[in-house]
Every structure is written in C-alpha cells, then in structure tokens.
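Chains, contacts and geometry: an overview
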Amino acid sequence: MTDRYAPKPEDRFTFGLWTVGNPGGDPFGPAVRPTQDPCDLVRKLGEIGAWGVNLHDNDLIPFDASASERDTIVGNFKAACEESGIVVPMATTNLFSHPIFKDGAFTANDPKVRAFALRKTMDAIDLGVELGAKNFVFWGGREGTESDACRDPRTAIQRFRDGINFLCEYVKDQGYDLRFALEAKPNEPRGDIYFPTTGHMLHFIETLDHSEMVGVNPEVAHETMAGLSFVHAVGQAMEANKLFHIDLNSQKIGRYDQDFRFGAEDPKQALLLIRLLEGTAGGERWEGSRHFDAHSYRTEDIDGVWDFARGCMRTYNILKERAQAFDSDAEVKQLTAEMVDPAIDPLLKDFSPQKVEALRSLSIDHDAIGAAGMQWERLDQILIEHLLGAR
Ligand code: GLT
Ligand code: MN
Ligand code: MN
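These remarks concern the structure in this document. Keep in mind it's a predicted model, so treat the numbers as computed, not measured. (Residues numbered from 1 in each chain as written. Chains lettered and ligands numbered in written order. Predicted model: local features only at pLDDT ≥ 70, side-chain atom pairs only at ≥ 80, totals over all residues. Heavy atoms only, no water.)

**Section: the coordination of the manganese ion (ligand 2)**
Six octahedrally arranged donors around a metal ideally form angles of 90 or 180 degrees; four tetrahedrally arranged donors ideally form angles of 109.5 degrees. How we decide: A donor here means any N, O or S atom no more than 2.8 Å from the metal (3.2 Å for Na, K and Ca); water is not included, so a site may seem to lack partners. Under the classification used here, a metal with four donors is tetrahedral if each angle lies between 85 and 135 degrees, square planar if opposite donors are over 155 degrees apart and the others between 65 and 115, a six-donor metal meeting that same test is octahedral, and anything else is irregular. For helices the rule is a DSSP run of H or I covering at least 4 residues; for strands it is a run of E covering at least 2, with both sets numbered from the N terminus onward.
Only Glu183 (OE), Glu219 (OE), Asp247 (OD) and Asp293 (OD) from the protein coordinate the manganese ion (ligand 2), and they sit 2.0 to 2.2 Å from it. Taken together, the 6 donor atoms surrounding the manganese ion (ligand 2) define angles of 75 to 166° at the centre, an arrangement classified as octahedral. Coordination of the manganese ion (ligand 2) draws on donor residues from a single chain, spaced E-x35-E-x27-D-x45-D in sequence. Between the manganese ion (ligand 2) and the manganese ion (ligand 3), both coordinated by Glu219, there is a metal-metal distance of 4.6 Å. Of this pair, Glu183 sits in strand S6 (residues 179-183) while Glu219 is found in the loop between strand S8 (214-216) and helix H8 (220-225), placing the two residues 36 residues apart along the sequence.

Shown next, in the form of structure tokens:
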C-alpha cells in the first residue's frame, strides 16, 4: 500500500545541515550526539524523501580551512548531493559563532568587524552560488544589544543598510541569480536583536537601494517568541510578494527559541499556515521551499533525529490534507462565502467627492448588523474536527 503522506520531491521539503546535524548542546550542557559528516547527512536526507539541503558556510567548511581544503570539501559535498538527488536551494553565512561577532557583524562598532563580515559573506555567497542556491538568508543573531548605551539604534540600522546594499551590488556585479531573505528574531542570543519581527524587516527592505532583490525569511518560532501571529506575518509577506523563504518549526509562546518539530506545539496554527502556503482557501500557492529550521529534542540519539525529520514532513503532508478537506467542506464554503454588494463595493475604494456623498446617503442598519452572530464558533469547531480527523 502506498503511503499518501510520504514526502515527494515536489513537496520541496528541505532541512539545514545545522538542523539534522544538531548535536544537542545547549547553554546548560554539552553535545549528546556525535558530529555527523555533511555528506552522510545529505545521503540520509535523500533516503527519507527530502528535496534539498541548506547550509551556513561553516556547516560545511571549517572556519580556518585553507583554499585547497575548501575545494576538496565542496567537491565531495557536491558529489554526495548529486548521488542522492538533493539540491541546495538556500545558503547563508555564520555571522554569530566566532567571538569576533560577539557585538554584531554588520552593525558592530568596529569597522574591522564590519569589513570581516562583508568578506565572509561574499565568500559564503560564492559558495552558495557554486552549489546552486537561489536564496541567501541573513539571520543577524548577534546584531543587537544587552545595553543600548553602546550604540544609537539609528546607527545600527544605517550600518545594516550599508551592508545589505553593498552585498546586493556584489551579487549584481558577479552576475549571480540570487535573492536575499532577511530573518527576524526578537532576542536570543542578544538581549534585544534589531529588526525584531518580520514586519520590521518588511519596512526596512523598502529603504534599500535594490529592494526588489530582498525579501523575508519568517520563522514560526521567532514570530511566536514575540507573541505575534505567524499566519499574519506570512500573509503580509505574501501579499507584498516578499516571501522569499520560510523557516518551519514550532514553539511555545514566551519561551526560548525552541525550534521544535514542525506542528508539534500548535497544530491548529500549523494547519492555518499550510492553508495559506498551499492556497487551499483560494489565493496563489506559494512555490518556495518548505524548509524545516528545527532540531530534534536533546533526549534523542541519531535514530531520534531521523524520527524528528520524518515527522516534520509527515505532519506537513497530513495537515495539508486536512486543510484541503476543510476548504472543500460545503458548510465551510457557505460560512466563509464572500459577501458581495455591487451597490456598495465600488464605493469603498478610489476616493471621489461623489463617493463621499453616496456613502453618506447609504442606509445601513447598524443595530441589526451589530446584533447578528458571525458563526465563527461553528466555523472554528469544524476546523478543529477536520484537524482531529473527526469530519
Ligand atoms: C540559527 C538560527 C536560525 C537561522 C539559521 C540561519 S542559524 O540556527 O537559530 O533561526 O535561520 O542563519
Ligand atoms: Mn531560522
Ligand atoms: Mn529558531
């Protein structure tokens, strides 16, 4: 019997080398799993049905590697990807682990640090393009403060803009086909990180010299840490044509960045997210990678890591089926049918003095409208029943 939830290449599921390779260390204890060879990770990803793998420069190439060591490592990695049918759709730079970045990379006060960050990122861009990446992520984990006495936040924003503008020009100058995706996070590892939410990033992007090359990479856990609706953030990014990449995982509100298995904490929100991405309620399907930026619990050994990875993909496909069932439910269609009033709708946009008059002369029974129930309780119960497989 075929498993209808089995991942297929067209599902476009991707994992980071840093996700399935996460050895389980945390601020209170060391690694609990052995370091895995990136080529082995890629082979295993191919085996379990993933489509792609994403990486930071230093997930593959050690920070201090020589040019010839780098070339050997990259050659072996490319061969492993080809053998396994795995692509590399996204790459990024590690601008957070080395102590030089302890007070930021592009926003650091020391120009030498900012120069080092630009150099390292250009190298990582070259690597990403060599591996076939079309998206390049910027997660500024160290771009923030504990004490704002050290820097005017306006200066930090200007420096970050200078850095991204410089790198956009680098990409153009090299003739690369590459876009940037900016990833927000409110805090951790810094006390506060600049551009804490996807909304902040969306505004910042509009101030760039080549804003058309730059979009966002929202992450479930990061938006949830900020206490915000991930579905709304992704919806706003999609509406602006700025959803370039997405980090799927799960997270309890108000905690550290948990990066749990997709769907583990809030399956209802995960279903609503998939509904948006897959366009089951109407609207265009989003065609990018379904990237899992998550890792296995620290309680697990290597087998548990692959249970985790299979679980991310399986939950996505189960919830996709549930979202399709919900949106083809006749009662849902009836409850959510768009209310159209040809006499009123044209008055609601494109100002004219005549429309002001027409709006003022409309007869609207506000008390009757205010008294009528919306039936969203009924609608949400139907959603829950689809989610639980009871309908
Ligand atoms: C790091 C972070 C993630 C980012 C990765 C890309 S690195 O694991 O926690 O949210 O997406 O830099
Ligand atoms: Mn992320
Ligand atoms: Mn995270």
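**A short note on the site of ligand 1**
The test is simple: Proximity is defined per residue: if any heavy atom of the residue lies within 4 Å of a molecule or strand, that residue is considered near it. Under the rule applied, a polar contact is a pair of N or O atoms within 3.5 Å (in protein, one hydrogen donor and one hydrogen acceptor; residues adjacent in sequence only if both atoms are side-chain atoms). Note that accessible areas follow from Shrake-Rupley with a 1.4 Å probe, and for residues the cover is restricted to the protein chains shown. Three classes are used, and their members are as follows: Ala, Val, Leu, Ile, Met, Phe, Trp, Tyr, Cys and Pro are nonpolar, Asp, Glu, Lys and Arg are charged, and the others, Gly among them, are polar.
For ligand 1, the full set of nearby residues is Trp18, His56, Thr92, Phe96, Trp139, Glu183, Glu219, His222, Asp247, Asp257 and Asp293. In this structure, Glu183 approaches ligand 1 through a side-chain N or O atom, which is 2.6 Å from an oxygen atom. Asp293 places a side-chain nitrogen or oxygen 2.9 Å from an oxygen atom of ligand 1. Notes on ligand 1: free accessible area 310 Å², of which the protein chains cover 90%. The residue makeup of the shell around ligand 1, split by class, is 3 nonpolar, 3 polar and 5 charged.

**A look at the coordination of the manganese ion (ligand 3)**
For the manganese ion (ligand 3), the full set of protein donor atoms is Glu219 (OE), His222 (NE2), Asp257 (OD), Asp257 (OD) and Asp259 (OD), at a range of 1.9 to 2.5 Å. As a motif over one chain, the donors of the manganese ion (ligand 3) read E-x2-H-x34-D-x1-D.

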